[in-house]
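So the chains spell out like this:
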Amino acid sequence: MPDKSSIFLIGPMGAGKTTVGRRLARILNLEFVDSDAEINKNTGVDTATIFEIEGEDGFRKRETRALEELSSRGGIVLATGGGAVLKAENRELLKSRGFVVYLTVPLELQLRRTRRDRKRPLLQTPNPRKRLQQLNRERDPLYRETAHWVVDTQRNDSQRLARELATHIRNNVWHDDSTSLIDAHRPIQ
């Protein structure tokens, strides 16, 4: 059973992990941390620059080190990068050290949310739609493998979603010692 004092948000870019995470942390009176922002702060450069200099492999190594440190903290809401689940080591860290929520997002909404963002190295391509489809095919099974709970973000604004997540966490994760994850994979609508 994971340490239920920390909440880890996983999912693709544009799912709302940072926006919802900030609001959820405020509601639950927890510290909010964004793993990509921590990596950027520690290196002094943005993610695109790390990708340019070290490649995706270099970034993923930094990401694993950051997740190791961040997931060992208690009482946080952690928004992870979209590719955090690519390494089995990261998936296991997250699953074993906190309550993991997979925020899903339909492709059209993901495209709308990311269309103007030039800081996402994996979207600097002539066909962002095709790239997002490919990433979703590769990563969705990994997100589902890692998550204790899957949440569809399509119909909820971030404030309402954060409130619903907080209610679920308070009622089903923090207050139920024996079966808190029994119905965890049921998406909320």
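That block above? That's the structure.
Residues numbered from 1 in each chain as written. Predicted model: local features only at pLDDT ≥ 70, side-chain atom pairs only at ≥ 80, totals over all residues. Heavy atoms only, no water.

1. Here we look at the overall build of the protein
And then number 1: Looking only at helices and strands, the protein has seven helices and five strands in total.
And then number 2: The order of α-helices and β-strands along the protein, N terminus first, is β-α-β-α-α-β-α-β-α-α-β-α.
And then number 3: Expressed as a percentage of its 189 residues, the buried residues of the protein come to 49%.
And then number 4: Nonlocal contacts in the protein, meaning residues at least 24 apart in sequence, comprise 77% of its contacts between residues at least 6 apart. (Helix = DSSP H or I, 4+ residues; strand = E, 2+ residues; numbered from the N terminus. Buried < 20%, exposed > 50% of the residue type's maximum accessible area, 1.4 Å probe, protein only. Contact = heavy atoms within 4.5 Å.)

2. Quick word on the packing of aromatic side chains
And then number 1: Across all of its chains, the model carries two aromatic pairs by this definition.
And then number 2: For the ring pair Phe51 and Phe59, a centre distance of 5.2 Å and an interplane angle of 40° mean the geometry is tilted.
And then number 3: For Phe59, a relative accessible area of 2% puts it in the buried group.
And then number 4: Ring centres of Tyr102 and Tyr143 lie 4.8 Å apart, and the angle between their planes is 35°; on these two criteria the pair is classed as tilted. In this pair, Tyr102 sits in strand E4 (residues 99-104) while Tyr143 sits in helix H6 (residues 128-146), placing the two residues 41 residues apart along the sequence.
And then number 5: Judged by its relative accessible area of 4%, Tyr102 falls in the buried class. (Phe/Tyr/Trp six-rings, centres within 6.5 Å; stacked < 30°, edge-to-face > 60°.)

3. Examining the nonpolar core
And then number 1: Ile7, Leu24, Val77, Val101, Leu103 and Leu165 are the most contacted members of the largest nonpolar core, which has 24 residues in total.
And then number 2: Considering each element in turn, this core owes the most residues, six residues, to helix H7 (residues 158-173).
And then number 3: Apart from residues no more than four positions distant in its own chain, Leu24 is found in contact with Ile7, Val77, Ala162, Leu165, Ala166 and Ile169. (Core = buried A, V, L, I, M, F, W, Y, C linked by side-chain atoms within 4.5 Å.)

4. Some thoughts on the packing of helix H5 (residues 107-114) against H6
Any two packed helices are characterised by how steeply their axes cross, that is the angle between the axes, and by the distance between the axes.
And then number 1: Two numbers describe how H5 lies on H6: the axes approach to 11 Å, and their chain directions differ by 125°. The angle between the axes of H5 and H6 places the two elements in the oblique class. The chirality of how H5 crosses H6 is right-handed. Of H6, the residues touching H5 (which contributes Leu107, Glu108, Gln110, Leu111 and Thr114) are Pro128, Arg129, Leu132, Gln133 and Asn136.
And then number 2: For the contact of H5 with H6, the class distribution of residues is four nonpolar, four polar and two charged. (Axes fitted to C-alpha atoms, helices over the stretch in contact; angles between N-to-C directions. Parallel < 35°, antiparallel > 145°, perpendicular 65-115°, else oblique. Left-handed = near helix turned anticlockwise from the far one by under 90°. Nonpolar A, V, L, I, M, F, W, Y, C, P; charged D, E, K, R; others polar.)

5. So, unusual backbone geometry
And then number 1: Even without a glycine there, the phi angle at Asn29 is positive, about 60°.
And then number 2: Along the polypeptide, Asn29 turns up in the loop between helix H1 (17-28) and strand E2 (31-34).

6. Notes on helix H3 (residues 47-71)
And then number 1: With 25 residues, H3 ought to run about 36 Å at 1.5 Å a step, yet its terminal C-alpha atoms sit only 20 Å apart, falling short of that.
And then number 2: The largest bend in H3 amounts to roughly 115° and is located at Glu54.
And then number 3: Restricting attention to buried positions, one finds in H3 the residues Thr47, Ile50, Phe51, Gly58, Phe59, Arg60, Glu63, Thr64, Ala66, Leu67, Leu70 and Ser71.
And then number 4: Check the buried side of H3 and you find it contacts strand E1 (7-10), E2, helix H2 (35-43), strand E3 (76-79), helix H4 (88-97) and H6. (Expected span 1.5 Å × (residues − 1). Bend = angle between axes of the 7 residues up to and from the residue.)

7. Re the pairing of E3
Looking along a regular strand, one sees side chains alternate from face to face of the sheet.
And then number 1: Across the two faces of E3 the burial is the same, with Ile76 and Leu78 and Val77 and Ala79 all buried.
And then number 2: One ladder, built from three bridges, connects E1 with E3; its direction is parallel. Residue pairing for E3: Phe8 is matched across the bridge by Leu78.
And then number 3: Two elements, E2 and E3, share four bridges in a ladder whose sense is parallel. When the sheet's bridge partners are listed, Phe32 is paired in E3 with Val77. (Pairing = 2+ DSSP bridges.)

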